[in-house]
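# Fold and geometry: a report
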Amino acid sequence: MRKWVLSGILATEETYLSHLEALLLPMKPLKAAATTSQPVLTVAQIETIFFKVPELYEIHKEFYDGLFPRVQQWSHHQRVGDLFQKLVRKNKKRNQRSDFSSFQHTALLYKPVDRVTRSTLVLHDLLKHTPTSHPDHPLLQDALRISQNFLSSINEETTPRRQSVTVKKGENRQLLKDSFMVELVEGARKLRHVFLFTDLLLCAKLKKQIGGKNQQYDSKWYIPLTELTFQGPEESEPLTIPQVPDEELDAMKVKISHLRSEIQREKRANKGSKVIDRLRKKLSEQESLLLLTSPSMPLRVYNKNGKSYGFLISSDYERAEWKEIIKEQQKKCLKTSSLTSMELQMLTSSCVKLQTVHHIPLSINKEEDESSGLYGFLNVIVHSASGLKQSLNLYCTLEVDSFGFFSNKAKTRVYRYTTEPKWNEEFEIELEGSQTLRLLCYEKSYNKTKQNKEDGDSTDRIMGKGQIPLDPQTHQGKDWQRTVIPMNGIEVKLSMKFTSREFSLKRMPSRKPMGVFGIKISTVTKRERSKVPYIVRQCLEEIERRGMEEVGIYRVSGVATDIQALKTAFDTNNKDVSVMMSEMDVNAIAGTLKLYFRELPEPLFTDELYPNFAGGITLSDSVAKESCMLNLLLSLPEPNLVTFLFLLDHLKRVAEKESVNKMSLHNLATVFGPTLLRPAEKDSKIPANPTQPISMGDSWSLEVMAQVQVLLYFLQLETIPTPDSKRQSILFSTEV
């Protein structure tokens, strides 16, 4: 072990000496030129630039030349302590003669101090493997003491106070906020660490760490706050955002889920840490990629000279937070700060100590005992808001986090011109390891001409924002919990109810003789004497009539009370159901249709055939896959098959309008896959034990992805041959 440690220090000393040699090469001709009539640099400048380099070279050359032969002729009794003692004493003497008041300004001094830090670590390692009886032990201990004293003396003089950096004339520059963000650079997404100081905004890039080096930053650009604006010139180009298809994002989530459950499995099996480290590395790569590719909300900042920079953020909450804090600070900041390149370098290297966000928000960086969040469904009722000073048109949006970032999940209708909006709307939000619920309250602007120059969005203004933690302990009860979110003087009242995944996924056997919901599809079609249940035909007809161009049709939540009213009307065979539907928001109709399929006691694809569909979709031979999938489909009972074909034709027509409604085949498969295929509880492969939320969440994700893939397969098939060539007559049979 001692020999290995020493071989390592020899290798790094060799590199260090070659760097010093490279520095010495230009020094001699520059010194010679300094005494001529046309000096390139003055003697004083040369002294500053090559400060003590020859001395350093001599000290380290002597150490290297002494250590090399001893390591070559290694034996257990070999001594090296005297060499280390000599090295640290000489380094200490050399550095005591240095003027450390200039340390912050002389980046070149960093390297020698870095060497002292490294040799201190080596001394620690050597002592660990040197028996106390060995003659080297006292010498190494002495060398370590000298090294540590020297380092702490430097740190006292140079460590900037956390959160602040001293600038000229004793002023203080403080760090107000920092976070990782995605910057758009010539159409490419780049991960950056952004630092907001009291007088400027600095965008930096984290350098790759090589060979145990500490973190370091490269500055990319900075804007003094007095020069920064969110409004660009009239002619500024709109930001073109490279969008990543949902399929790709979902594929990344599947990989992440796979890797997380594999890590859990390896931990339980007590496998070697090498396997786990390899999996963690893969997980880190996938999570970083997802973090880079998912945000798509623009935040642009302009320098008054016209240069603009664009960031992509996944949450309007964060975007608003950055804007607020910058605007607030601009009111206090009066002086323009322009930095010399040396000052910029100093500031950038101080970011390592000042940063408050130390890690990219990946699960890999979480502590073992940190909560893995909630998996399941959160029902939220947004009741009302109070505390508004003037009548406005208001709506709210809800955001939750999953996979390390926040995204918008629901939006209330606009409550027109009031100081006390009463939305009373319920939403069902799917949680994937979520830990926080955020609420934003907006004023809706109906002024079409007045576009918001700041980020090309509409002029809807955020009136307030707030958030509440989703704590597994407090949300385990089945009851509704009322809560109030205070924000900027406004209070929004909410009720929440959480259903964990193992409960929300159960299909219940039918317990009632009449009605439509929760009744076997064959019972309903027999009773109605139809091929396709009346509820399915009615809902699809209404959506085809006025919902085909609705943005996010089938994905945007309908109002829960409207859905319940329609459910009751269909269940009681209400004659006025078509009138009710014509007056209702089309998202409620889409929600009713999804609820019907979700509440079937057996999925449309049947419990019996589900495992075969899940297996068939994984076949790699395309001919075998098509044959298998079509045969399985045609094995479905007639009402199931005909209803599915009827729905399939409709979903393909919805996807034809994707440019308007933003619903691709993949989006539709994501919405309907689990609804049509998810088996009853007894056939589900989901572990029932809720004490392992991570593995439960992940196996759930994998099963859901299989269900999505099956439906996507049928959506992408050009034609589906059916046993009856008069397919249209099956679908549109008048026999009701």
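Report follows, based on the coordinates. Since this is a predicted model, take the numbers as computed values, not measurements.

Criteria and thresholds
Residues numbered from 1 in each chain as written. Predicted model: local features only at pLDDT ≥ 70, side-chain atom pairs only at ≥ 80, totals over all residues. Heavy atoms only, no water. Helix = DSSP H or I, 4+ residues; strand = E, 2+ residues; numbered from the N terminus. Buried < 20%, exposed > 50% of the residue type's maximum accessible area, 1.4 Å probe, protein only. Contact = heavy atoms within 4.5 Å. Areas by Shrake-Rupley, 256 points an atom, 1.4 Å probe, with all protein chains shown as cover. Phe/Tyr/Trp six-rings, centres within 6.5 Å; stacked < 30°, edge-to-face > 60°. Lys NZ or Arg CZ within 6 Å of the ring centre and 35° of its normal. Salt bridge = Lys/Arg side-chain N within 4 Å of Asp/Glu carboxyl O. Axes fitted to C-alpha atoms, helices over the stretch in contact; angles between N-to-C directions. Parallel < 35°, antiparallel > 145°, perpendicular 65-115°, else oblique. Left-handed = near helix turned anticlockwise from the far one by under 90°. Nonpolar A, V, L, I, M, F, W, Y, C, P; charged D, E, K, R; others polar. Patch = residues over 30% accessible without salt bridge, like charges linked within 9 Å, V, L, I, M, F, W, Y side chains within 5 Å. Lys, Arg positive; Asp, Glu negative; His and termini not counted. Charge placed at Lys NZ, Arg CZ, Asp CG, Glu CD. Pairing = 2+ DSSP bridges. Expected span 1.5 Å × (residues − 1). Arc of directions from axis to C-beta. Polar contact = N/O pair within 3.5 Å; in protein donor to acceptor, adjacent residues only side chain to side chain. Core = buried A, V, L, I, M, F, W, Y, C linked by side-chain atoms within 4.5 Å.

## Remarks on the overall build of the chain
Of regular secondary structure, the chain possesses 23 helices and 17 strands. Relative to its full complement of 736 residues, the chain shows a buried share of 49%. Relative to all contacts within the chain whose residues are 6 or more apart in sequence, the contacts with residues 24 or more apart total 72%. A total of about 37,000 Å² of accessible surface is found on the chain, and carbon and sulfur atoms cover 52% of it.

## Considering the packing of aromatic side chains
Two aromatic rings, taken as a pair, are described by how far apart their centres are and by the angle between their planes. For the structure shown, the criterion picks out 17 aromatic pairs. Note on F195 and F197: the rings are 6.4 Å apart at their centroids and 20 degrees apart in plane angle, and the pair reads as stacked. Summarising the aromatic geometry, the rings of F517 and Y596 are spaced 5.9 Å apart at their centres and angled 85 degrees between planes, so their arrangement reads as edge-to-face. Taken together, the positions of F517 in the loop between α11 (501-504) and α12 (521-528) and Y596 in helix α16 (residues 586-598) put the pair 79 residues apart, joining distant regions of the chain. One exposure class covers both F517 and Y596, and it is buried. Joined through ring pairs, the aromatic side chains of F605, F613, F644, Y713 and F714 make up one cluster. Above the ring of F230, the side-chain terminus of K323 is found at 5.7 Å from the ring centroid. The residue whose ring lies beneath K465 is Y317, and the NZ or CZ to ring-centre distance is 5.3 Å.

## With respect to the pattern of salt bridges
Tallied over the entire structure, the rule returns 28 salt bridges. In this structure, R89 and D142 form a salt bridge, with 2.9 Å as the shortest nitrogen-oxygen distance. Of the two residues, R89 is situated in helix α4 (residues 81-96) and D142 in helix α6 (residues 136-158); the sequence distance between them amounts to 53 residues. Members of the salt-bridge network, linked through shared partners, are E62, K86 and K90.

## Some thoughts on the packing of helix α7 (residues 246-268) against helix α8 (residues 273-293)
In contact at an axis separation of 9 Å, α7 and α8 are set at 155 degrees when each is read in the N-to-C sense. Considering their axes alone, α7 and α8 lie roughly antiparallel with respect to each other. Here α7 and α8 pass one another in a crossing that is left-handed. Taking contact as the criterion, the partners of L249, M252, K253, K255, I256, L259, R260, E262, I263, E266 and K267 in α7 are, on α8, V275, I276, L279, R280, K282, L283, Q286, E287, L289, L290 and T293. Considered class by class, the residues forming the contact of α7 with α8 number eleven nonpolar, two polar and nine charged.

## Observations regarding the environment of L184
Along the chain, L184 turns up in strand β2 (residues 172-185). Since its relative accessible area comes to 12%, L184 is described here as buried. A C-alpha to C-alpha distance of 8.0 Å links L184 and I241, two positions 57 residues apart in sequence. Beyond its immediate chain neighbours, meaning those up to four positions away, L184 contacts R189, L239, T240, I241, P242, G310 and L312.

## Brief notes about a positive patch on the surface
A contiguous patch of positive charge, built from K190, K205, K208 and K220, is present on the exposed surface. Positionally, K190 belongs in strand β3 (residues 188-197).

## So, the pairing of strand β10 (residues 392-402)
Looking down a regular strand, the side chains alternate between one sheet face and the other. Taking burial as the measure, the eleven residues of β10 include eleven buried ones, the bulk of the element. Bridging between β10 and strand β14 (residues 436-443) involves seven bridges; their strand directions are antiparallel. Counted as the bridge partner of V400 is L437 from β14. Alignment of β10 against strand β11 (residues 405-411), held across six bridges, turns out to be antiparallel. The partner of D401 across the bridge, within β11, is F406. Taken together, β10 and the strand that follows it, β11, pair antiparallel across an intervening segment of two residues, in which F403 is found at a positive phi of about 55 degrees.

## Describing helix α18 (residues 622-634)
Counted at 1.5 Å a residue, the expected span for α18 with its 13 residues is 18 Å, and the 18 Å between its end C-alpha atoms agrees. Of all the positions in α18, only K625, M629, L630, L632 and L633 are classed as buried. Projection of α18 onto a plane perpendicular to its axis shows the buried side chains occupying an angular sector of 160 degrees, all on one side. N-cap assignment for α18: the residue whose side-chain oxygen lies 2.8 Å from the backbone N of V623 is D621.

## Topic: the side chain of S147
Structurally, the position occupied by S147 is in helix α6. For S147, a relative accessible area of 1% translates into the label buried. Ignoring sequence-local partners within four residues, the contact set of S147 consists of V88, V116, S119, T120 and L123.

## Description of helix α10 (residues 341-354)
For α10, with 14 residues, the first-to-last C-alpha span of 20 Å sits near the 20 Å given by 1.5 Å per residue. Turning to α10, its buried residues number three or more, namely E343, L344, M346, L347, T348, S350, C351 and L354.

## Digging into the sheet that holds strand β16 (residues 481-487)
Neighbouring strands of a sheet are bound in pairs by backbone hydrogen bonds; such pairs are parallel or else antiparallel. Spatial strand order, β13-β9-β17-β16: four strands in an open sheet with antiparallel pairing. Taken across any chain shown, the strands that pair with only one partner, and hence form the sheet edges, are β13 (422-434) and β16. Going across the sheet, the axis of each strand differs from the next one's by a mean of 30 degrees, ignoring polarity.

## Considerations on the environment of V301
Looking at where V301 falls in the secondary structure, it is placed in strand β7 (residues 297-303). With relative accessibility at 1%, the residue V301 sits in the buried group. Taking the C-alpha atoms as reference, V301 lies 9.6 Å from K323; in sequence the two are 22 residues apart. In contact with V301, not counting residues within four places along its chain, are W221, I223, L228, T229, F230, K307, S308, Y309 and F311.

## Brief notes about the nonpolar core
Counting residues in each nonpolar core, the largest one holds 68 residues, and the members touching the most others are Y554, F597, F605, F613, F644, F672 and F714. If one sorts the elements of this core by residue count, helix α19 (residues 638-656) sits on top with ten residues. With residues up to four places along the chain from it excluded, the contact list for F605 reads Y610, F613, L633, L636, F644, L676, L677, V710 and F714. One finds Y16, V53, F63 and L87 within the second-largest nonpolar core, a separate group that totals 34 residues.

## Brief notes about unusual backbone geometry
A positive phi angle, close to 40 degrees, is found at Y417, a residue other than glycine. By secondary structure assignment, the location of Y417 is in strand β12 (residues 415-418). At N488, a position not held by glycine, the phi torsion is positive, near 45 degrees.

## Describing the side chain of K652
One can find K652 in helix α19. There is no salt bridge for the buried K652, and the closest opposite charge comes from D649, which lies 5.4 Å off by N-O distance. Apart from residues lying up to four places away in sequence, K652 is in contact with F714, L715, L717 and E718.

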